Every structure is written in C-alpha cells, then in structure tokens.
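This is what each chain is made of:
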Amino acid sequence: MAWTVRIILIAILMVITGSINTLSTKWADKQKAVGNPDQNEHSFDHPFFQAVGMFLGEMTCLVAYFVVLLVKRRQGDREYGSRWVNPLVFAPAAICDMCGTSLMYIGLTLTYASSFQMLRGAVIIFTALLSVAFLGHNIKARMWAGMIVIILGLGIVGVSDIVLGDKKSKDTNGIIAGDLLIIMAQIIVSVQMVYEEKFVARYRVSPLLAVGYEGLWGFIILGILLVPFYYIKAEVFSKLPSHRLEDPLDAFRQISNNGQIAMAVIGNIVSIAFFNFAGISITKSQSATTRMVLDSVRTLAIWLISLMLSWQQFELLQVFGFLLLIVGMCLYYNILVPIITRHLPCNRQTAATEEENEPILQQNAPGIQDNA
C-alpha cells in the first residue's frame with residue numbers, strides 16, 4: 001500500500017510513542033522521592049510496578065477493539081468480531097510477557113536506555129531458533145547471515161557498555177547484570193512469539209483484541225503477585241530501603257510526592273497503548289518488515305535523546321554496534337537483497353517466489369505485540 005499522509009502520521013506516532021515508552025520508564029528510574037514515612041528519599045526502583053502499568057496500557061486496546069466493533073456493527077458489518085475465542089488462550093502468552101517485561105525493566109534500572117533498546121534485537125535470534133525446533137521452519141542462508149551479524153552487533157554494544165561506559169556513574173557489575181537480564185528476557189519473549197504463532201494465530205483474532213486480552217491477564221496476574229512480592233526480602237537484589245522484591249505502597253507514595261515520577265508512569269501507560277495501536281496499523285497497512293524498520297528508528301531516537309539528556313556518554317563503538325544490528329536485521333528481514341536485485345530481469349521471478357514463501361516467523365515478527 002502506498003504511503004498516504006495518514007500512514008506517515010501513524011508511522012511518526014509509532015516512533016514517538018515507542019521512544020517515549022522506554023525513555024519515560026528510564027526517567028522514572030532516575031527520579032528520587034520520599035516513599036514510606038520511616039524512610040529517606042530514594043530512587044524509584046519499582047520494575048514490577050512499572051510492568052503492571054504497561055499491562056494497564058495494553059488493556060486499553062480492549063477499549064479500542066470494542067469501539068471499532070461498535071462502529072463496524074453500525075455500518076452493517078456482522079463478520080467483524082463474530083468469532084468467539086476463549087480468553088484463557090491468551091493467558092500463557094501473557095505470563096511470558098509478564099516475565100519478560102519484568103526482567104527487562106529490572107535490566108533497564110541497571111544499564112542505559114539505548115542499550116536496553118538495542119539488546120532487545122536478540123529476540124530475532126531466539127525466535128528463529130525456537131521456530132525451527134517447535135514450528136518446523138527453515139532458516140535461509142541470508143537469515144543465518146543476518147543472525148550472525150546481529151550477534152556481533154550485540155557483542156559490540158555490550159562491550160561498549162562495560163569497557164567504555166560512563167565510569168563515574170555506572171557500576172560495571174550492574175551494567176553486566178542489566179545487559180544479561182535484558183538478553184535473558186528476549187528468550188522468554190521469543191517463547192511468547194512462538195506460542196502466539198502456534199496457538200493464537202490460528203484463531204485469526206483482531207490484534208487489538210489479542211493485545212488487550214494479554215494486557216488484561218498480565219495486569220491481573222502481576223497485580224496479584226505484587227502482594228507476595230511485598231513480603232519477599234530481595235536483599236542485595238533490591239535498591240529499596242526495605243530491600244523488598246517490590247513495594248507498591250512505597251511506589252504510590254513516591255508518585256504522590258514527586259510529580260515527575262507521576263508524569264513518567266502515566267507516560268509509560270499512555271505511550272504503550274498508542275504504540276501498540278500504531279504498530280498494528282503499520283503491520284496491517286504496510287508489513288511487519290516496515291514495522292521493524294521503524295522500530296530501528298525508535299532505537300536511534302532513544303540513543304540520541306539519552307545523549308542529549310546526558311544519561312550516557314557518546315561512544316563510537318556503540319554506533320558501530322548499532323549499525324551492525326541494523327544491517328543484520330535488514331539481512332534477516334530480506335530488505336537488502338531485494339533492493340539490490342529487484343530491478344534485474346533475471347531475478348524478478350525468484351524474488352517474487354521468495355516473498356510468497358517467507359516463513360511466518362519473519363512476516364509476523366516481532367509477534368502480536370511489541371512492548372516497552
């Protein structure tokens with residue numbers, strides 16, 4: 001489909017809201033406020049609480065779905081939304097989303113916002129490998145090449161964080177732990193994607209409904225888990241004065257005592273809702289590949305804004321790693337090869353055949369939704 005003014009505006013909305021989502025979460029992490037009455041001012045270290053906020057944002061997609069359903073019904077379309085799907089189908093994906101998002105938010109408290117976004121590119125590698133094992137997909141040579149380049153890019157990003165990072169304000173062990181947690185989270189996210197492709201995609205439900213249901217389950221499950229998390233002592237793994245795994249009461253008090261934290265939390269909730277809407281619209285009107293290209297633009301925007309806010313120092317090595325990630329993704333999603341060979345007469349038929357036979361793991365990546 002051609003790039004109309006409407007699609008261009010939605011693409012811009014996707015980049016902006018996606019960038020706000022990561023930056024607002026990191027912004028909240030950097031704020032300090034008084035929480036519980038018997039404690040001094042401390043950092044807003046509440047990754048599980050922020051994950052609940054993200055799921056709340058995803059839940060709003062249910063509202064959008066029912067608004068669209070109402071409009072369709074008034075227009076006489078009785079087919080839209082006519083197929084009933086058991087909401088329990090989305091629960092396993094929501095649990096994976098909950099675990100992956102929580103790990104990523106913990107990692108984000110320890111490392112840079114730009115590195116957080118770049119390291120999420122590892123999901124392509126794990127999704128491809130799991131798709132071969134559980135979905136019977138075949139990975140083409142160019143996809144293997146793209147994965148190798150992505151691994152090199154991820155390694156360079158990690159090295160730039162650890163060796164060349166801002167030594168004045170960052171703990172090396174913390175950076176290593178944060179980067180590893182983010183990569184570990186991508187394994188869980190890839191499990192979610194494979195599950196969605198194998199069990200959820202068969203129902204052909206509206207992406208808005210799927211995202212909304214997963215947000216609902218994630219909100220309920222993680223919201224309930226906040227209660228036992230309050231009584232678990234995490235010791236050195238928690239930066240809270242009480243060293244609890246999570247303290248929602250402390251989080252609410254900090255939000256009420258610091259307007260910037262409140263704005264950041266609200267920004268996280270609102271941005272994820274609009275980001276999912278924009279991402280779904282781009283995937284439907286253009287392609288999943290276009291969505292991935294725009295996501296790369298989001299990564300660049302987060303990195304530039306982090307530099308402007310002095311959240312990190314400029315490192316040329318990280319730029320090289322980012323470029324390798326982009327090249328690897330272009331190889332994997334078959335962007336570079338068509339550009340080179342599309343206009344060669346001898347390759348037109350071959351290129352058309354390859355596009356028809358692309359595995360679902362490429363067409364649907366990064367899954368039904370893309371969080372954080």
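Now for a look at the structure at hand. (Residues numbered from 1 in each chain as written. Predicted model: local features only at pLDDT ≥ 70, side-chain atom pairs only at ≥ 80, totals over all residues. Heavy atoms only, no water.)

Some words on the overall build of the protein
Part 1 of the reasoning: The number of helices and strands found in the protein is 15 helices and two strands.
Part 2 of the reasoning: Going through the 372 residues of the protein one by one, you find that 53% of them count as buried.
Part 3 of the reasoning: Partitioning the intrachain contacts of the protein with sequence separation of at least 6 by distance along the chain shows that 81% fall at a separation of at least 24.
Part 4 of the reasoning: Roughly 17300 Å² of accessible area belongs to the protein as shown, and the carbon and sulfur atoms make up 69% of that amount. (Helix = DSSP H or I, 4+ residues; strand = E, 2+ residues; numbered from the N terminus. Buried < 20%, exposed > 50% of the residue type's maximum accessible area, 1.4 Å probe, protein only. Contact = heavy atoms within 4.5 Å. Areas by Shrake-Rupley, 256 points an atom, 1.4 Å probe, with all protein chains shown as cover.)

Here we look at a nonpolar patch on the surface
Part 1 of the reasoning: On the surface, V159, I162, V163, I176, L180, M184, L317 and F320 cluster together into a nonpolar patch covering about 650 Å² of accessible area.
Part 2 of the reasoning: Looking at the nonpolar patch, the elements with two or more residues in it are α6 (141-164), α7 (172-200) and α12 (316-332).
Part 3 of the reasoning: Structurally, I176 can be placed in helix α7. (Patch = residues over 30% accessible without salt bridge, like charges linked within 9 Å, V, L, I, M, F, W, Y side chains within 5 Å. Salt bridge = Lys/Arg side-chain N within 4 Å of Asp/Glu carboxyl O.)

Regarding the packing of aromatic side chains
Part 1 of the reasoning: Counted by the stated rule, this structure contains eight aromatic pairs.
Part 2 of the reasoning: Consider the rings of F49 and F252, whose centres lie 5.0 Å apart with planes at 90°: the pair is edge-to-face. Pair noted here: F49 is in helix α2 (residues 47-74) and F252 is in helix α9 (residues 248-257), with a separation of 203 residues, a long-range link.
Part 3 of the reasoning: F49 sits in the buried class, given a relative accessible area of 10%. (Phe/Tyr/Trp six-rings, centres within 6.5 Å; stacked < 30°, edge-to-face > 60°.)

Description of the environment of M143
Part 1 of the reasoning: Here M143 is to be found in helix α6.
Part 2 of the reasoning: Along the backbone, M143 and G328 are 185 residues apart, and their C-alpha atoms lie at a distance of 8.4 Å.

Some points on helix α8 (residues 207-231)
Part 1 of the reasoning: Across its 25 residues, α8 extends 37 Å between first and last C-alpha, which sits within 8% of the 36 Å expected from 1.5 Å per residue.
Part 2 of the reasoning: Taken as a whole, α8 has its buried residues at L208, L209, A210, V211, G212, Y213, E214, G215, G218, L222, L226 and F229.
Part 3 of the reasoning: Residues of α8 that are buried sit in contact with α2, α3 (91-110), α7, α9 and α10 (259-285). (Expected span 1.5 Å × (residues − 1).)

Notes on the packing of helix α5 (residues 123-135) against α7
In a packed pair of helices, the relevant descriptors are the angle between the two axes and the axis-to-axis distance.
Part 1 of the reasoning: The contact between α5 and α7 brings their axes to 8 Å, and the two run at 45°. Overall, the two elements α5 and α7 adopt an arrangement that is oblique. In this structure, the crossing between α5 and α7 has a hand that is right-handed. Taken together, the residues of α7 that come into contact with α5 (itself represented by V123, F126, T127, L130, S131, F134 and L135) are I183, Q186, I187, V189, S190, V191, M193, V194, E197 and K198. (Axes fitted to C-alpha atoms, helices over the stretch in contact; angles between N-to-C directions. Parallel < 35°, antiparallel > 145°, perpendicular 65-115°, else oblique. Left-handed = near helix turned anticlockwise from the far one by under 90°.)

So, the packing of α2 against α3
Part 1 of the reasoning: The N-to-C vectors of α2 and α3 enclose an angle of 135°; their axes lie 9 Å apart at closest approach. Classed by the angle they form, the pair α2 and α3 counts as oblique. Of the two possible hands of crossing, α2 and α3 adopt the one that is right-handed. Touching P47, F48, Q50, A51, M54, F55 and E58 of α2 are A94, D97, M98, T101, S102, Y105 and I106, all from α3.
Part 2 of the reasoning: Here the residues of the contact of α2 with α3 are counted per class, giving nine nonpolar, three polar and two charged. (Nonpolar A, V, L, I, M, F, W, Y, C, P; charged D, E, K, R; others polar.)

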